[in-house]
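Each chain is listed here by its residues.
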Amino acid sequence: MFYVSIFFQYMAQYMKTKLQYRADLLVEFISDLMSQAVNLVFLLVVFGHTSLLHGWTRDEILFIYGFFLVPYAVFGAFFNLWDFNERYIVRGEMDRVLTRPVHSLFQIILERMELESLLGGVTGIIIMAYASARLSLSFHWYDILMFILFVLGGAFIYAGVFVSLATISFWSDARTSIMPMMYNISNYGRYPIDIYHRVIRYILTWILPFAFVGVYPASYFLGKKEWYGYAFFTPIMGVIFFGIAVVLWNAGVKRYRGAGN
Amino acid sequence: MDKYIEMIRIRFLMMLAYRTNYYTGILIYAINIAAYYFLWSAIYGSKSTMQGMSMAQMTTYVAISWMARAFYFNNIDREIAMEIKEGRVATELIRPYSYLGMKTMQGLGEGIFRLLFLSLPGIFLVALFLPLRFPTDVHTWMFFTLSIALSFIINSELNLLAGIIAFFTLNNEGLLRAKRFVIDLFSGLILPISFYPDWAQEAMKYFPFQGISYIPSMIVTGSFQGQAILHGLLFQLVWCVLLLIPIQLLWRAAKKQLVIQGG
């Protein structure tokens, strides 16, 4: 309960600061929309020349992309760990965080949240609605629960990978560019997994499981029975990967010595 | 002239000091190239050519456009905006060189560095895994070299323009981001211009963006032949000159109404 009330207090503070700078907020909205538009235009133009991509239709691929945007938006809103090394380790902000009686990872998530990223999820839902109307997909009442479960699973997979990468900073304070690299790899999950070489397929399923953020769970809603097994595995992968990340984090915090004075 | 060459040299040495950052850069580019390679092979499926390009040409196109990007890409727009924000531009302006020229030279130093330490090893790495096909005749390479130099000029001119606008708006973060997406989409980096619908291709003829990536990549893959190469180079050359006009006009206006915030 304590954590929940902390969460809402941070949220209220956040709203106040953000609404002070409305022009910046608008700029962020628009540039988010534009980066999604780049991918959409690519798909739309490509499907002007072909009707199938390895057996997947245009609307199915759009649906996968739309789905991907939702867990990705949740991840983007709460796990802004891009500059964790610089902000918390090099500048010594971590010392401040550790003196407080709330779990350090939870505090950092709240301090760095960017709720405006959630708008990307709305774009994703609109794309999914468009695609499912064209595919005339039918949904059951429990699909909404599945959707929430899959979105959380996907977001936790993302979070697990990026939190684990952030913990590297506890062991080595050198700057690394692994995070942007991982960001590039994560884009692979947006397309049907069967277009890749089987080594890449294996990596995207078990080692850096970004396929669980896009194509696997989306196949459930598309009625692709051959992928159902993987789809149902999404929340479990989320729990496993986020669990690993938290263990690594706690081990890292124990080792943390502080860089400041 | 000497001082500008010195600028290139200093920026090059500065980048050299942080060269370890570029090992991951090579991997990032390789990952992107591989992703697009798989995507395009799925798109081609059993088709042997699309829009006059074979799959082998498309693979080379993708690899070359990413590696060329390492050369022409620079952040001088961001640097200018930052110097204006922090007021450092005041000291820059009283120094005995052209501010914009100096910025361009710094961009060139960076570009040459990335060409040697990112593009060249990167293309070797990619060639180990993907079936790249390069032209064998010297002329194509000469045209490509010329074309890529013009790409650098066009891209830098657009960056200067975007940077100068910060003199008027003080915070132009949104504009800089929008410019990046427009260039990603319409330069031909992620998609050859010939794939766009006709009306879009027609419209893009009136913008400089395809001079940044599409034209050099089409030359090196052999998709442009004879007349088309000369046309492409002429297109780039014309834009190189045309873009100087708004830069000069805005720059003159900018200096007049410059406000230093602190400093």
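Residues numbered from 1 in each chain as written. Chains lettered and ligands numbered in written order. Predicted model: local features only at pLDDT ≥ 70, side-chain atom pairs only at ≥ 80, totals over all residues.

A count of helices and strands for chain A gives twelve helices and two strands. Written out in order from the N terminus, the α and β elements of chain A read α-α-β-β-α-α-α-α-α-α-α-α-α-α. The globule rule puts the C-alpha radius of gyration for 261 residues at 18 Å, and the 19 Å found for chain A is close to it. Taken along its principal axes, the extent of the C-alpha atoms in chain A is 60 × 45 × 35 Å. Counting across all 261 residues of chain A, residues that qualify as buried make up 34%. The contacts in chain A between residues at least 6 apart in sequence include a share of 80% that link residues at least 24 apart. (Helix = DSSP H or I, 4+ residues; strand = E, 2+ residues; numbered from the N terminus. Rg over C-alpha atoms; globule rule 2.2 N^0.38 Å. Buried ≥ 20, exposed ≤ 12 C-beta atoms within 10 Å, placed from the backbone. Contact = placed C-beta atoms within 7 Å.)

In this section: the overall build of chain B. Secondary structure assignment for chain B yields twelve helices and two strands. What you see in chain B, going N to C, is helices and strands ordered as α-α-β-β-α-α-α-α-α-α-α-α-α-α. For 263 residues, the compact-globule estimate of 2.2 N^0.38 gives 18 Å, and chain B sits close to it at 19 Å. Summarising its shape, the C-alpha atoms of chain B cover approximately 60 × 45 × 35 Å along the three principal directions. Looking at chain B as a whole, 43% of its 263 residues are labelled buried. Taking all contacts inside chain B whose residues are at least 6 apart in sequence as the whole, residues at least 24 apart take part in 83%.

Residues and elements named next belong to chain B. Residue position: Leu189 is located in the loop between helix H8 (173-186) and helix H9 (198-204). Sequence spacing of Leu189 and Met1 is 188 residues, and the spatial spacing of their C-alpha atoms is 33 Å. Ignoring any residue separated from it by four or fewer positions in sequence, one finds Leu189 in contact with Ser65, Arg69, Asp184 and Ser213.

A separate point is the interface of chain B and chain A. Contact with chain B, which involves 25 residues of that partner, is made by 26 residues of chain A. Listing elements by their share of the side of chain B that touches chain A, those giving two or more residues are helix H2 (21-44) and H8 of chain B. Sorting elements by how many residues they give to the side of chain B that touches chain A places H2(B) first, with eleven residues. Among the residues making up the side of chain B that touches chain A, the classes are represented as 17 nonpolar, five polar and three charged. (Nonpolar A, V, L, I, M, F, W, Y, C, P; charged D, E, K, R; others polar.)

Attention now goes to the UniProt feature "transmembrane region" (unreviewed entry) in chain A. Residue and element names in this part refer to chain A. UniProt feature "transmembrane region" (unreviewed entry): in the numbering of this structure it lies at residues 25-49, 61-82, 115-133, 145-171, 199-221 and 227-249. Taken end to end, residues 25-49 is 88% helix and 0% strand, and its two terminal C-alpha atoms sit 37 Å from one another. Measuring from the first to the last C-alpha atom of residues 199-221 gives 26 Å, for a span that is 70% helix and 0% strand. (UniProt positions renumbered as here; feature names shortened; annotations may be inferred.)

Another point: the environment of A:Ser169. Residue and element names in this part refer to chain A. Among the structural elements, Ser169 can be located in helix H8 (residues 143-171). In this structure the C-alpha to C-alpha distance between Ser169 and Trp56, which are 113 residues apart in sequence, comes to 41 Å. Not counting chain neighbours up to four residues away, the residues in contact with Ser169 comprise Phe84, Asn85 and Ile89.

Core analysis: the biggest nonpolar cluster contains 120 residues, and A:Tyr158, A:Ala159, B:Tyr29, B:Ile33 and B:Ala63 have the highest contact counts within it. Counting residues in each nonpolar core, the second largest holds nine residues, with B:Ile80, B:Ile84, B:Ile164 and B:Phe167 among its members. (Core = buried A, V, L, I, M, F, W, Y, C linked by C-beta atoms within 7 Å.)

Right, let's get into the UniProt feature "transmembrane region" (unreviewed entry) in chain B. All names here are of chain B. UniProt's entry tags residues 21-43, 55-72, 112-130, 142-169, 181-199 and 228-251 with the feature "transmembrane region" (unreviewed entry), counted in the numbering of this structure. Taken end to end, residues 112-130 is 95% helix and 0% strand, and its first and last C-alpha atoms sit 25 Å apart. A helix fraction of 96% and a strand fraction of 0% characterise residues 228-251, whose end C-alpha atoms lie 35 Å from each other.

All names here are of chain A. Although it is not a glycine, Ser136 adopts a positive phi angle of roughly 40°. Within the secondary structure, Ser136 is located in the loop between helix H7 (119-134) and H8. What makes Ser136 exposed here is the crowd of 7 C-beta atoms within 10 Å.

So, about the packing of H8(A) against helix H9 (residues 178-186) of chain A. All names here are of chain A. Viewed as axis vectors pointing N to C, H8 and H9 meet at an angle of 165°, and their least axial separation amounts to 10 Å. If you check the angle between H8 and H9, you find them roughly antiparallel. The handedness of the crossing between H8 and H9 comes out as right-handed. Side by side, H8 and H9 meet where Val161, Phe162 and Leu165 of the first sit next to Ile178, Met179 and Met182 of the second. Across the contact of H8 with H9, the residue classes break down as six nonpolar, no polar and no charged. (Axes fitted to C-alpha atoms, helices over the stretch in contact; angles between N-to-C directions. Parallel < 35°, antiparallel > 145°, perpendicular 65-115°, else oblique. Left-handed = near helix turned anticlockwise from the far one by under 90°.)

This part takes up the confidence of the model for chain B. Per-residue confidence for chain B gives a mean pLDDT of 88; residues scoring 70 or more make up 97%. In the model of chain B, helix H5 (residues 89-94) of chain B stands out as the element of lowest mean pLDDT, 82, in contrast to helix H11 (residues 227-242) of chain B, which has the highest, 95. (pLDDT = per-residue confidence, 0-100.)

Attention now moves to helix H3 (residues 58-78) of chain A. The terminal C-alpha atoms of H3(A), which comprises 21 residues, lie 31 Å apart, in line with the 30 Å expected from a rise of 1.5 Å per residue. Among the 21 residues that make up H3(A), 17 are buried, leaving the element largely enclosed by the rest of the structure. (Expected span 1.5 Å × (residues − 1).)

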